[in-house]
Every structure is written in structure tokens, then in C-alpha cells.
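# Notes for the structure review
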Amino acid sequence: MADVHFTMQGKGGVGKTFVASILAQYISTVREHELTVIDTDPVNATLSQYKALNVEYLAIQDADSTRINERHFDRLIEKILNNPESDFVIDNGAATFVPLSNYLIENSAIEMLEESGRKVVIHPVITGGQGLVDTLSGLSQLIDQLPPEVAIVVWKNPFFGDIEKDGKKFEQMAVYKKNQDRIHAVMAIPKQSADTYGVDIEEMLQHKLTFDEAIVSPIFGIMSKQRLRLVKTEIFARVSVALG
């Protein structure tokens, strides 16, 4: 059986789509399973713009309405159950964080997926800077609500600043110490020079390109492509360890 990966975080603009794109690129490279990538974000369906990932968009709002209808998540779960040989990467937007969380819990959907033989992995993102408190709160909320069987891989995104509070790194914070037995792995996105690596990655994201596409694109110069190769190699190595 294949795995099901959800990127989830209640705060927007913290890098969930970047994480989902990394997961999709990594899994498609190293796994023999089929891969299905789904975007459920009704506000910023950014992942759907990655043409190389063949992303499917799942509309979870009623027609001609901004209302999120949790019943539309039935199609997501049924699609997963009906495709047991495919890995799934599901990018969930901030606007659907609470609805999807409620749906998974109220319908025992995660337990249902795991009973079918699927491994479910939740990928919350935490950031530094002004988003630190909110993303830590979102992580804590997920851990409190989700069943103990689910694997939680925390992604540390340093793009907005160091992930520290009162001089303590994440692994020293109360939220980590309290939930250490629930956290399967901590995945640190590499922190590189903002003027070189940072600009390259931001441009890659703006053009909705995968690493492989960017490395051969005329948009990037020789040294930019070199840096992107190095970032890809390092991130993939870390993902391999995090996913075990």
C-alpha cells in the first residue's frame, strides 16, 4: 500500500505549497508507486499551477458560493480508497484547515484510511518571525485533535526568521517536549544566503517550477542552477530521513 500526505497549517503564507511540491517531487523520484497530487485550497490554489506535477484541483465550495462544504471531502477520501496503489500528496489551504480537520476527526477518516492499509502522514509547517506563535498554535491544535496512529512530520521554514522563542529552539520549546512522542520527525528546510539561494528559490516558486524544470530553464544562470541542484540534493536527503 502507498502513503497519504497532507500539508496542514491554520496560518496562510507559511510555505505549505512549497512543502507539498517538495513531497511530490521527492516521491515521484524515489517511489515506484503512482502519485496523485491534489490541491484543495479554495483561495490560493498555487499548487495547481505546477504543470509538471499534474495536480488535480478539488473544489470544496458549493457552486456560486464561498461556503466550504465539508461533504465535498467525501470525494477526496473515496478517491484515496479507490486508488490503493497510488501515493497521495494533498495541499490544504489555511481557509480549509478547520473544515478539513473537523472532517477527518468527525468521520474517523484517518482511522478508515489506515484500516485500509494506508499510512497517513500530516505535515504541519512552522515558521520564524511574526508567524511563530500562530504556527506553533496550529501544530499544537493538530496534535491534540489527531489520532495517535497518524505520523506527524514538522517542517521548520526559516524563510521569515529563526525559529526561536525566548532563546529556545523548537526542540527546546514546551510544545515539542510535550508532544515529542507524537512527532515522527522534524524536517528543517535548509537556511541559505538570502541574496543567492533565497532569490533563486523565490524565483523558482514565482514561476511555479520544479527543481528539475528550473535547473534546465533559460530563466536561471549557471550559478543559480548550481545552487538549485545543491538545495534539491540537500532537501531530498533530509526528506528521505524524515519519511524513513
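Quick note: structure is the one above.
A brief look at the structure comes next.

Calculation notes
- Residues numbered from 1 in each chain as written.
- Predicted model: local features only at pLDDT ≥ 70, side-chain atom pairs only at ≥ 80, totals over all residues.
- Heavy atoms only, no water.
- 1 Å grid on protein atoms, 1.4 Å probe; cavity = no way out; pocket = protein on both sides within 12 Å on 5 of 7 lines; lining within 4 Å.
- Points joined across faces, edges and corners; volume = space filled by probe spheres on them.
- Helix = DSSP H or I, 4+ residues; strand = E, 2+ residues; numbered from the N terminus.
- Nonpolar A, V, L, I, M, F, W, Y, C, P; charged D, E, K, R; others polar.
- Core = buried A, V, L, I, M, F, W, Y, C linked by side-chain atoms within 4.5 Å.
- Buried < 20%, exposed > 50% of the residue type's maximum accessible area, 1.4 Å probe, protein only.
- Contact = heavy atoms within 4.5 Å.

### With respect to the layout of surface pockets
A volume near 880 Å³ is recorded for the largest pocket. Around the largest pocket sit 35 residues that line it, and G15, F18, N157, F159 and L205 are the ones nearest its centre. Elements supplying a minimum of two residues to the lining of the largest pocket: α1 (16-30) and α7 (194-206). Classifying every residue of the lining of the largest pocket gives 15 nonpolar, 14 polar and 6 charged. In this model, the second largest pocket occupies a volume close to 160 Å³.

### Some details on the nonpolar core
Nonpolar side chains in soluble globular proteins tend to end up buried together. V153, W155, M204, L228, I235 and V239 are the most contacted members of the largest nonpolar core, which has 38 residues in total. Among the elements of the structure, α1, β7 (151-157), β10 (183-188), α7, α8 (211-216) and α9 (222-243) are those that each provide at least two residues to this core. For this core, the leading source of residues is α1, giving 8 residues. Ignoring sequence-local partners within four residues, the contact set of W155 consists of V19, I22, L23, H123, P124, V125, I126, M187, I189 and V239.

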